[in-house]
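Structural overview for review
Listed here are the chains, written in short residue letters.
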Amino acid sequence: MASTIPDPLPGSRAPSVTAAADDRPGRIEAHGIDHIPDSERHGHPRELFSVWAAANVNYLSLVIGGALVLMGLSLWQAVAVIIVGNLFWLLTGLLATSGPAAGAPSEVITRAVYGVIGNRVNNAVGGWMVSVCYFALNLAAAATAAFALVEKAGVTATTPVKVAVVVVIAALTLVISVYGHGLIIKLYLPITLVLAGAFAVVAFAVLRHADFAYAPTEPLHGTRLWALLLAGITMIASGPLSYTTSADFSRYLPRTASKRAIVGWTALGAFLPSVVVCSLGAFAATAVDMTDPQTALQEILPGWFVPVFLLALVLGTIAINALTAYSAGLALQAVGLRVRRSVSVLFDGTVAVALTLYGLLVSNFLDTVSNALQVITVLIGPLMAVYVTDVLLRHGRYDGVALSDETPGSAFWYTAGVNRAGALALVVGVTAAALCANTLYTGPIAAALGGIDLSLFVGMSVSAALYALLMRNDRTLRAARAGG
């Protein structure tokens, strides 16, 4: 029977025995953004593999892989873009090392980057808003598969039925998020195995029909080709870059856990399935019309397997969105709202459902996915770069107790609650990226380069370099390097 003990409010700490007992699959997680003492740490870095693997076998990855070929790339150009874009998962893995070091989620650790007050803005925009947008995108992707499943069951997918389906998928997702870390760790290994089996059948069917020599009728060259390659890498990289919250899922590990193992299991768990599933989308696009992936894939899958495939798509999306909703709930707490983590998660789900219904019933889904993933990278690229730079500068050392202090006497209060180095590095990086972007609009630098979008690389490079420069004499940085 699930525990009825509520999770503590932000800044509070449940008794040690209760908290340790509540980080189990059948109990609502007791911790929110509060510090987790060493006595309550447990687990092994290899647990992170299944957490990230289950979250990256999903419908949206198929859609993106197919979109690369639809955009005009040859098959092997698309595969190369998929591999390069997914290498950014190494950065997600590096951020995960800060969780055990601090015993805190990313939403608290970034107080070291932006200051106590500045970090509230960071969590509101770069944490909560980005997470909810991704929740909605993934939920919309899963819903299209669920609509087809409903139709196969003989029920017409009218608007009320579609609304009900979206709500049910969201509810299943939020149950996992509310119960939290313990359930995620326990549940994601079997989910990974189920999804791996289902997608093995998909892979067999797709590779039987794929045209391995596929190239567009009019191959792209020169500036147009480079513009498309970079746009594709940006779209793929938006996935790993959106997870500036990876410490959320590693923070229960012992402080002594191997950093190399944390990076490796996190990055590998996300990289392998993401490359495989995205590539399957690209391979499928050489044989069927992937403008409607869910319908098109049914043409080459065994008839008996189609319902299983549709269920697998829904399950994969529930897995990734449970992580997203979990982090979004922590972000709301870190903004300063005095609500329980479970309440904040439910609020996030409500907003995401509303956005999903808009994306499905009002706008074009594929256009929404492409535009959102490219535009949002202007922000999340610099966010990732600044956080990664801070981890490197501090040699991965964080004082979780000090980070939990939100008073003006906090070591991370900086000036009026804001670390100007982090704020300035982020603003300048986002501005530089915006000037180089070529998505819903064309920035002046992109226009001068013939449409080539360098926003991802310029934004991240500028933010990282400026932050490192401005932080060179920071006292909290010196303390961290000294082992404090």
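Below, the structure is looked at part by part. Counting from 1, residues in each chain are numbered in the order their sequence is written. A pLDDT threshold of at least 70 governs which residues receive local features in this predicted model, and a stricter bar of 80 or more applies before side-chain atom pairs are shown or counted, although totals over entire chains, interfaces and linings include all residues. Think of the side-chain values as coming from all heavy atoms in the structure, minus any hydrogens and water.

Here we look at the overall build of the chain
When helices and strands are counted, the chain shows 22 helices and 0 strands. Note that the radius of gyration is over C-alpha atoms, with the globule rule given as 2.2 Å times the number of residues to the power 0.38. Here the chain has a C-alpha radius of gyration of 22 Å; the compact-globule value for 484 residues is 23 Å, and the two agree. If you line up the chain on its principal axes, its C-alpha atoms span 65 × 60 × 40 Å. Relative accessibility thresholds used throughout: buried, under 20% of the residue-type maximum; exposed, over 50%; partly exposed, between the two (1.4 Å probe, protein chains only). Counting all 484 residues of the chain, 60% fall into the buried class. Any pair of residues with heavy atoms lying within 4.5 Å of one another is described as a contacting pair. By sequence separation, contacts in the chain at least 24 residues apart represent 84% of the contacts at least 6 residues apart. Accessible surface, the chain: about 17,900 Å² in total, of which carbon and sulfur atoms supply 68%. Each charge class in the chain can be summarised by its mean position, and for the 26 positive and 24 negative side chains these summaries are 9 Å apart. Strands here mean DSSP runs of E at least two residues long; helices mean DSSP runs of H or I at least four residues long; both are numbered from the N terminus. Residue exposure ignores everything except the shown protein chains as possible cover, and the areas themselves are Shrake-Rupley values with a 1.4 Å probe. Think of it this way: Lys and Arg go in the positive column, Asp and Glu in the negative one, and His and the chain ends go nowhere. For this purpose, a charge sits on NZ of Lys, CZ of Arg, CG of Asp or CD of Glu.

Side note on the nonpolar core
For the purposes of this section, nonpolar cores are sets of buried Ala, Val, Leu, Ile, Met, Phe, Trp, Tyr and Cys residues that join through side-chain atoms within 4.5 Å. If you look at the biggest cluster of nonpolar residues, it comprises 151 residues, and the most contacted ones within it are Leu62, Tyr188, Phe199, Leu297 and Phe309. Leaving out residues up to four positions away in the same chain, Tyr188 has contacts with Ser50, Val51, Ala54, Ile176, Ile318, Ala319, Ala322 and Leu323.

What about the pattern of salt bridges?
In what follows, salt bridge is the name for a side-chain nitrogen of Lys or Arg lying within 4 Å of a carboxyl oxygen of Asp or Glu. Per the counting criterion, the structure on display carries 6 salt bridges. Asp38 is the salt-bridge partner of Arg41, the closest N and O atoms lying 3.6 Å from each other. Of the residues examined, Arg41 reaches a relative accessible area of 9% and is grouped as buried. We classify Asp38 as partly exposed; its relative accessible area is 44%. Overlapping salt bridges, with partners in common, bring together Asp38, Arg41 and Arg255 in one network.

A short note on the packing of aromatic side chains
Any pair of Phe, Tyr and Trp rings, taking the six-membered ring for Trp, is counted once the centres come within 6.5 Å. Such a pair is stacked with planes under 30 degrees apart, edge-to-face with planes over 60 apart, and tilted for the rest. Inspection of the entire model under this criterion finds 12 aromatic pairs. Look at Trp128 and Phe347: their rings are 6.2 Å apart centre to centre, the planes differ by 20°, and that puts the pair in the stacked class. You can see Trp128 sitting in helix H9 (residues 116-152) and its partner Phe347 sitting in helix H16 (residues 341-361), a full 219 residues away along the chain. Under the relative-accessibility criterion, Phe347 is labelled partly exposed at 44%. For the pair Trp304 and Phe305, a centre-to-centre distance of 5.5 Å together with 75° between the ring planes defines the contact as edge-to-face. By relative accessible area, which is 62% here, Trp304 ends up exposed.

A look at the packing of helix H2 (residues 47-54) against helix H13 (residues 259-285)
When two helices pack together, their arrangement is given by the angle between the helix axes and by the axis-to-axis distance. Here H2 crosses H13 at 25°, and the two axes come no closer than 7 Å. Here H2 lies roughly parallel to H13, going by the angle between them. Note that H2 runs across H13; the crossing there is right-handed. Each of Leu48, Phe49, Trp52 and Ala53 in H2 lies in contact with H13, whose residues at this interface are Ile262, Trp265, Thr266, Leu268, Gly269, Ala270, Leu272 and Pro273. Among the residues making up the contact of H2 with H13, the classes are represented as 10 nonpolar, 2 polar and no charged. Only the stretch in contact is used when a helix axis is fitted, and all axes are lines through C-alpha atoms; the angle between N-to-C directions ranges over 0 to 180 degrees. Note that the term roughly parallel is reserved for angles under 35 degrees, roughly antiparallel for angles over 145, roughly perpendicular for angles of 65 to 115, and oblique for everything else. If you view the pair so one helix is near and one far, a crossing is left-handed when the near helix is turned anticlockwise from the far one by less than a right angle, and right-handed when it is turned clockwise. Polar here means any residue other than Ala, Val, Leu, Ile, Met, Phe, Trp, Tyr, Cys and Pro, which are nonpolar, and Asp, Glu, Lys and Arg, which are charged; Gly is therefore polar.

What to know about empty space enclosed by the protein
Computed over the protein atoms alone on a 1 Å grid, cavities are sets of points where a 1.4 Å probe fits but cannot get out and pockets are open sets with protein on both sides within 12 Å along at least five of seven lines; a residue lines them when it has an atom within 4 Å of a point. Grid points are joined across faces, edges and corners, and a volume is the space filled by probe spheres set on the points. Tallying each qualifying case throughout the model produces 3 cavities of 30 Å³ or more. As for the largest cavity, its lining consists of 25 residues, of which Tyr134, Gly239, Ser242, Tyr243 and Ile320 are closest to the centre. Elements supplying a minimum of two residues to the lining of the largest cavity: helix H3 (59-70), H9, helix H12 (222-241), H13 and helix H15 (306-335). For the lining of the largest cavity, the element with the highest residue contribution is H12, accounting for 5 residues. By volume, the second largest cavity is sized at about 110 Å³. Contributing to the lining of the second largest cavity are Ser106, Glu107, Thr110, Tyr114, Asn122, Asn123, Gly126, Gly127, Thr244, Thr245, Leu383 and Tyr387. Looking at the lining of the second largest cavity, the elements with two or more residues in it are helix H7 (106-109), H9 and helix H17 (365-393). The leading source of residues in the lining of the second largest cavity is H9, at 4 residues. Its residues assigned to classes, the lining of the second largest cavity shows 3 nonpolar, 8 polar and 1 charged.

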